[in-house]
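This is what each chain is made of:
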Amino acid sequence: MGAYVVRRLLLAIPIMLGVALVCFMLVHLAPGDPLVSVLPPDASQELRAQMIAVYGFDKPLPVQFFQWLWHAVQGDLGTSIATSRPVFGEVMTAAINSLRLAALATLIGFFFGCLFGFVAGYFQDTWVDKLASAFSVFGVSVPHYWLGMLLVIVFASQLYWLPATGGGPMGAEGWAWDWEHLQFMVLPAITLSVIPTGIIARTVRALVADTLGQEFIVGLRAKGMTDYAIFWHVVKNAAPTALAVMGLQLGYLMGGSILVETVFAWPGTGLLLNSAIFQRDLPLLQGTIWVLALFFVLLNLGVDILQTLLDPRIKRG
């Protein structure tokens, strides 16, 4: 196990270098002026040249890339052009907020996805199976931003049950796990959980149906084992794959919630990426993508290790 973890960590290095290179090139090849947010429209050429030199945009792209990469591996992601604050601090604050939201949405999706998946798998080809499958298709097909706006209209604008936007009663400051703060997470978490619920439900349904058709299940029933004991055998066989899907969904939600966080004004990486794109804030954009990619790689490693611990049949060569 130790050798496997070390090998995966070493393999993650070229992956992160490739992600950094692709991110850097895409960001710098995009049209637009990166200094538009800090310079007035009538700025002189001397001032523009001075600001270009300050941010290092006067150097060749390969030099800019290696300088940024060297500072990034030391934890220095540069300074935001729009706010003049360190990128690392802004990204980490937003990442923590996104992780809270993504974790809650993933737990909701995992619970209901497993529930629908097990029910559909045990009642194959019945109306229960068809209803659960229809909900799964709806979950992976409905647009996030549309569902988010619909929930805001119903539960915030019409019923006044929940707040529509924001990260807490005082913004993102002073977060606490109490209802005063959690109520701001309910609508965006439900919105984000719909797709994981559908994906996990379809995955678990297929696993349960396949496991129930295996010969060892027939043998267990022939030996007189109770349905409860057989159920736990099915759970053990479905758990590793279900947890792997759950881990991947957590990673996707961390980096793929731009529209949802924008709709609900949730102060996470999605809203930060949206602001960086529209403000053409290159250091902030590069730093945010870099941190999200690093999180996704480490999350995949953690899921692989957890799979191996839960199912000893999985061999990591």
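Predicted model, so just to flag it, every value in this text is computed and none were measured. (Residues numbered from 1 in each chain as written. Predicted model: local features only at pLDDT ≥ 70, side-chain atom pairs only at ≥ 80, totals over all residues. Heavy atoms only, no water.)

Asks: Can you lay out the UniProt feature "transmembrane region" (unreviewed entry) in the chain for me, pointing to particular residues and giving the numbers?
Replies: UniProt's feature table lists "transmembrane region" (unreviewed entry) at residues 9-30, 101-123, 135-161, 181-201, 250-269 and 289-310, given in the numbering used throughout. A helix fraction of 81% and a strand fraction of 0% characterise residues 135-161, whose end C-alpha atoms lie 25 Å from each other. When the span residues 181-201 is considered, its composition is 100% helix and 0% strand, and the gap between its end C-alpha atoms is 29 Å. (UniProt positions renumbered as here; feature names shortened; annotations may be inferred. Helix = DSSP H or I, 4+ residues; strand = E, 2+ residues; numbered from the N terminus.)

Asks: Residues and numbers for the packing of helix α5 (residues 127-141) against helix α7 (residues 179-212), please.
Replies: Between α5 and α7, whose axes approach to 7 Å, the crossing angle comes to 140 degrees. As judged from the angle between their axes, α5 and α7 are oblique. Our pair here, α5 against α7, has a crossing hand that is left-handed. Contacts between α5 and α7 involve D129, F135, S136, V137, G139 and V140 on the former and, on the latter, V194, I195, T197, G198, I199, A201, R202 and R205. Taken together, the residues of the contact of α5 with α7 sort by class into seven nonpolar, four polar and three charged. (Axes fitted to C-alpha atoms, helices over the stretch in contact; angles between N-to-C directions. Parallel < 35°, antiparallel > 145°, perpendicular 65-115°, else oblique. Left-handed = near helix turned anticlockwise from the far one by under 90°. Contact = heavy atoms within 4.5 Å. Nonpolar A, V, L, I, M, F, W, Y, C, P; charged D, E, K, R; others polar.)

Asks: Can you lay out the pattern of salt bridges for me, pointing to particular residues and giving the numbers?
Replies: Applying the stated criterion across every chain yields a total of two salt bridges. One salt bridge connects R85 with E90, and the closest N-O pair in it is separated by 3.4 Å. Given the relative accessible area of 15%, E90 is considered buried. A salt bridge links R205 to D129; the shortest N-O distance between them is 2.6 Å. Within this pair, whereas R205 is found in helix α7, its partner D129 is found in helix α5, the two being separated by 76 residues in sequence. Judged by relative accessible area, which is 23%, R205 ranks as partly exposed. (Salt bridge = Lys/Arg side-chain N within 4 Å of Asp/Glu carboxyl O. Buried < 20%, exposed > 50% of the residue type's maximum accessible area, 1.4 Å probe, protein only.)

Asks: An account of the environment of P62 is requested, with residue identities and associated values reported.
Replies: Checked against the element boundaries, P62 lands in helix α3 (residues 61-72). We classify P62 as exposed; its relative accessible area is 51%. Residues P62 and F24, spaced 38 residues apart in sequence, show a C-alpha to C-alpha distance of 9.9 Å.

Asks: How would you explain the side chain of D129 if you had to name every residue and give the values?
Replies: The class of D129 is buried, set by a relative accessible area of 4%. Beyond its immediate stretch of four places on either side in the chain, D129 contacts A120, F123, Q124 and R205.

Asks: Break down unusual backbone geometry for me, with residues and values.
Replies: The phi torsion at Y160 lies on the positive side, around 60 degrees, for a residue other than glycine. Relative to the helices and strands, Y160 resides in the loop between α6 (144-158) and β1 (169-172). Since its relative accessible area comes to 68%, Y160 is described here as exposed. In this structure, A265 is a non-glycine residue whose phi angle is positive, near 50 degrees. Locating A265 in the fold gives a position in the loop between α10 (258-263) and α11 (269-279).

Asks: Lay out the environment of T126 with the relevant residues and their values.
Replies: Structurally, the position occupied by T126 is in the loop between α4 (87-122) and α5. A polar side-chain atom of T126 sits 2.7 Å from the main-chain carbonyl oxygen of F123. (Polar contact = N/O pair within 3.5 Å; in protein donor to acceptor, adjacent residues only side chain to side chain.)

Asks: How would you sum up α3? Please name residues and give values.
Replies: In this model, α3 (twelve residues) spans 16 Å end to end at C-alpha, consistent with the 16 Å of a helix rising 1.5 Å per residue. Listed in full, the buried residues belonging to α3 are Q64, F65, W68, L69 and A72. For α3, the arc enclosing every buried residue in end-on projection is 125 degrees, short of the 170-degree limit, so these residues lie on one face. Opposite the buried face of α3, at more than 90 degrees from it, the exposed residues are P62, F66 and W70. (Expected span 1.5 Å × (residues − 1). Arc of directions from axis to C-beta.)

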